[in-house]
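Read off the chains here:
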Amino acid sequence: MRVLVINSGSSSIKYQLLEPVSGAVAASGMVSRIGEPVEPGSPTVEHEADGRTLAHDGPIPEHATGLRVVFELFARSGHDLTGEGLYAVGHRVVHGGEVFYRPTLVTDAVLTSIDELSALAPLHNPANVIGIESARRLLPAVPQVAVFDTAFFHGLPDAAKTYAIDAKVAAAHGIRRYGFHGTSHEYVSGQVAELLGRDAAAVNQIVLHLGNGASASAIRGGRAVDTSMGLTPLEGLVMGTRSGDLDPGIIGHLMRTADFDIDAIDLLLNRNSGLKGLSGVNDFRELQRLIDTGDQAARLAYEVYIHRLRHYIGAYLIDLGEVHAITFTAGVGENSPQVRADASAGLSRFGIGVDADLNTAKSRAARYISPPDAEIPVLVVPTNEELAIARAAAALVTASA
Ligand code: AMP
């Protein structure tokens, strides 16, 4: 049984063909720079299957073309997607609003609703819709399942999900904290419970998803009780290019005094802020290289990043009262011992600390990095959103058969 997982973004499509039980990946790849001019000879689609990489050069004017090229590359690499054996297509959908909070079989009506939610996620849902439409056209006989990034946070307690603005305005416009990266937080928190050898219902935990986008969550007994992202994925931690938390007064100030319109504000806060806004680079490895050369702006960006991260750890310790694990995941969380050490520094009075050897040991496995006698285990658990989406899609198709 194989599931194709598609993550369709505004100018890229990432995909994996995988086996949902074992997690074995048969093929994976990415279409990039959709709708952008490209230099002749520079690949826009890179496809990996059975240890071989196939590439496609030339511009990809829109998503449907991108997926068509992907299907050709699948065929060339010996995996015929239109033939027998594809059990489902799982689509990552960023915003499910109040409507969708579990994996959902795509129908025309579902697709229309996802499109209507674009008002809440204008940078994400339209691209998700295009990806689903293209896949439905190319694979009309295969069930398509939407898996929502907001779903895990659907049941946030009222106090955590409510913004303190005029309640009538909030209700009229669907304004609440929805949370994102839910598939990752749910998957990782499940892995943590397994690693601790406890039932998820008995584990209170903090999950720190630190990638290019970044979010934290507080999870009590398997249910999310708080998270750092809000109405949009802009709130919370400092990210690669997003600001995270800021005084909303900044927006009015820029509009009144600096002639920023709403598009300029969106661009500033989503693409030109965070680590990139402060240091010029959004990639954490580049930031570390700049810091090593003595770059003061990069050092400050790092300090702001850690400062904010520690605030959320502190807040969630208090939210949860009793915490059984703190876990780092995603690109930075899984690979930067420095971030993990700095985030946990000086917290021994709270039962939190990392062991220097365990923290710096090279491993791709889910593992402990706190000393064996630590009161609160600190862990690194690799996330795998594709696997979680594939499993959710397969389970839904099986249940509705
Ligand atoms: P993700 O969005 O989860 O793919 O994470 C991307 C981020 O992880 C980028 O900022 C990368 O620079 C960062 N990252 C990947 N590998 C490493 C590494 N070995 N050390 C530090 N950061 C890394």
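Going by an unreviewed UniProt entry, the protein chain carries the name Acetate kinase and comes from Nocardia macrotermitis. According to its UniProt record, the protein chain has this under Subcellular location (unreviewed entry): "Cytoplasm".

This part covers the layout of surface pockets. By volume, the second largest pocket amounts to about 880 Å³. As for the second largest pocket, its lining consists of 26 residues, of which L231, T232, L234, I251 and L269 are closest to the centre. The leading source of residues in the lining of the second largest pocket is helix α8 (residues 262–271), at five residues. Classifying every residue of the lining of the second largest pocket by side-chain character gives 17 nonpolar, six polar and three charged.

We now examine the pattern of salt bridges. For the structure shown, the criterion picks out eight salt bridges. A salt bridge links R176 to E98; the shortest N-O distance between them is 3.4 Å. On the criterion of sequence distance, the pair formed by R176 in the loop between α5 (167–173) and α6 (182–196) and E98 in the loop between β6 (86–93) and β7 (104–105) is long-range, its members being 78 residues apart. D166 is the partner of K168 in a salt bridge, and the nearest nitrogen-oxygen pair spans 4.0 Å. According to the relative accessible area criterion, K168 is exposed, its value standing at 66%.

So, on to the sheet that holds strand β2 (residues 13–18). Spatially, β5-β4-β3-β2-β1-β6-β8-β7 is the arrangement adopted by the eight strands of the open sheet, whose pairing is mixed. In this open sheet, the two strands that pair with only one neighbour each are β5 (52–57) and β7. Both strand β1 (residues 2–8) and β6 contribute to a ladder of five bridges, which runs parallel. When the bridges of β6 are listed, V5 appears paired with G90. Sheet contacts for helix α15 (residues 385–399): β1, β2, β6, β7 and β8 (144–148); angle to β6, the most-contacted strand, approximately 125 degrees.

Despite not being glycine, H181 shows a phi value in the positive range, around 60 degrees. One can find H181 in the loop between α5 and α6. For H181, a relative accessible area of 9% puts it in the buried group.

Let us now look at the packing of aromatic side chains. Enumeration over the complete set of coordinates arrives at six aromatic pairs. Ring centres of F284 and Y302 lie 6.2 Å apart, and the angle between their planes is 65 degrees; this geometry places the pair in the edge-to-face category. Here F284, found in helix α10 (residues 284–292), pairs with Y302, found in helix α11 (residues 296–320); they are 18 residues apart in sequence, far enough to count as distant. Overall, Y302 belongs to the buried group, its relative accessible area being 4%.

The terminal C-alpha atoms of α6, which comprises 15 residues, lie 21 Å apart, in line with the 21 Å expected from a rise of 1.5 Å per residue. For α6, every residue scored as buried is listed here: G182, T183, S184, H185, Y187, V188, S189, V192, A193 and L196. The positive-phi residue at the C-terminal boundary of α6 is G197, with phi of around 70 degrees.

Turning next to the site of the ligand. Surveying the vicinity of the ligand reveals the residues G211, N212, N282, D283, F284, R285, Q288, A330, G331, V332 and N335. In this structure, R285 approaches the ligand through a main-chain N or O atom, which is 3.3 Å from an oxygen atom. Contact distances for the ligand include 3.3 Å between an oxygen atom and a backbone N or O atom of V332. Within the complex, 69% of the 500 Å² of free accessible area of the ligand lies under protein. Put simply, the parts of the chain that give the shell around the ligand at least two residues each are α10 and α12 (330–335). Per-element accounting of the shell around the ligand gives the leading share, four residues, to α12. Counted by class, the shell around the ligand contains three nonpolar, six polar and two charged residues.

Turning our eyes to something else, we now look at the UniProt feature "binding site: Mg(2+)" (unreviewed entry) in the protein chain. What UniProt calls "binding site: Mg(2+)" (unreviewed entry) maps, in this numbering, to N7 and E385. These annotated residues cover 379 residues of sequence, but their C-alpha atoms sit close together, with the largest distance between any two at 9.9 Å. Checked against the element boundaries, N7 lands in strand β1. Under the relative-accessibility criterion, N7 is labelled partly exposed at 21%. The contacts of N7, once residues within four sequence positions are left out, are S12, I13, K14 and R92. Among the secondary structure elements, E385 is positioned in helix α15.

Counting residues in each nonpolar core, the largest one holds 41 residues, and the members touching the most others are L208, L210, L287, Y305, L309 and V339. Those elements giving two or more residues to this core turn out to be β9 (204–210), β10 (214–220), α10, α11, β12 (325–329), α13 (337–344) and β14 (378–380). With eleven residues, α11 is the single largest residue contributor to this core.

Among the seven residues of β9, seven are classified as buried, and the element is accordingly described as predominantly covered. Of the two faces of β9, the one lined by N204, I206, L208 and L210 and the one lined by Q205, V207 and H209 are each fully buried. Across seven bridges, the pairing between β9 and β10 is antiparallel. Residue pairing in the sheet places L210 in a bridge with A214 of β10. In this antiparallel pair of consecutive strands, β9 and β10, the connection spans three residues. Two elements, β9 and β12, share five bridges in a ladder whose sense is parallel.

Rules used throughout
- Residues numbered from 1 in each chain as written.
- Predicted model: local features only at pLDDT ≥ 70, side-chain atom pairs only at ≥ 80, totals over all residues.
- Heavy atoms only, no water.
- UniProt positions renumbered as here; feature names shortened; annotations may be inferred.
- 1 Å grid on protein atoms, 1.4 Å probe; cavity = no way out; pocket = protein on both sides within 12 Å on 5 of 7 lines; lining within 4 Å.
- Points joined across faces, edges and corners; volume = space filled by probe spheres on them.
- Helix = DSSP H or I, 4+ residues; strand = E, 2+ residues; numbered from the N terminus.
- Nonpolar A, V, L, I, M, F, W, Y, C, P; charged D, E, K, R; others polar.
- Salt bridge = Lys/Arg side-chain N within 4 Å of Asp/Glu carboxyl O.
- Buried < 20%, exposed > 50% of the residue type's maximum accessible area, 1.4 Å probe, protein only.
- Pairing = 2+ DSSP bridges.
- Contact = heavy atoms within 4.5 Å.
- Axes fitted to C-alpha atoms, helices over the stretch in contact; angles between N-to-C directions.
- Phe/Tyr/Trp six-rings, centres within 6.5 Å; stacked < 30°, edge-to-face > 60°.
- Expected span 1.5 Å × (residues − 1).
- Near = heavy atom within 4 Å.
- Polar contact = N/O pair within 3.5 Å; in protein donor to acceptor, adjacent residues only side chain to side chain.
- Areas by Shrake-Rupley, 256 points an atom, 1.4 Å probe, with all protein chains shown as cover.
- Core = buried A, V, L, I, M, F, W, Y, C linked by side-chain atoms within 4.5 Å.

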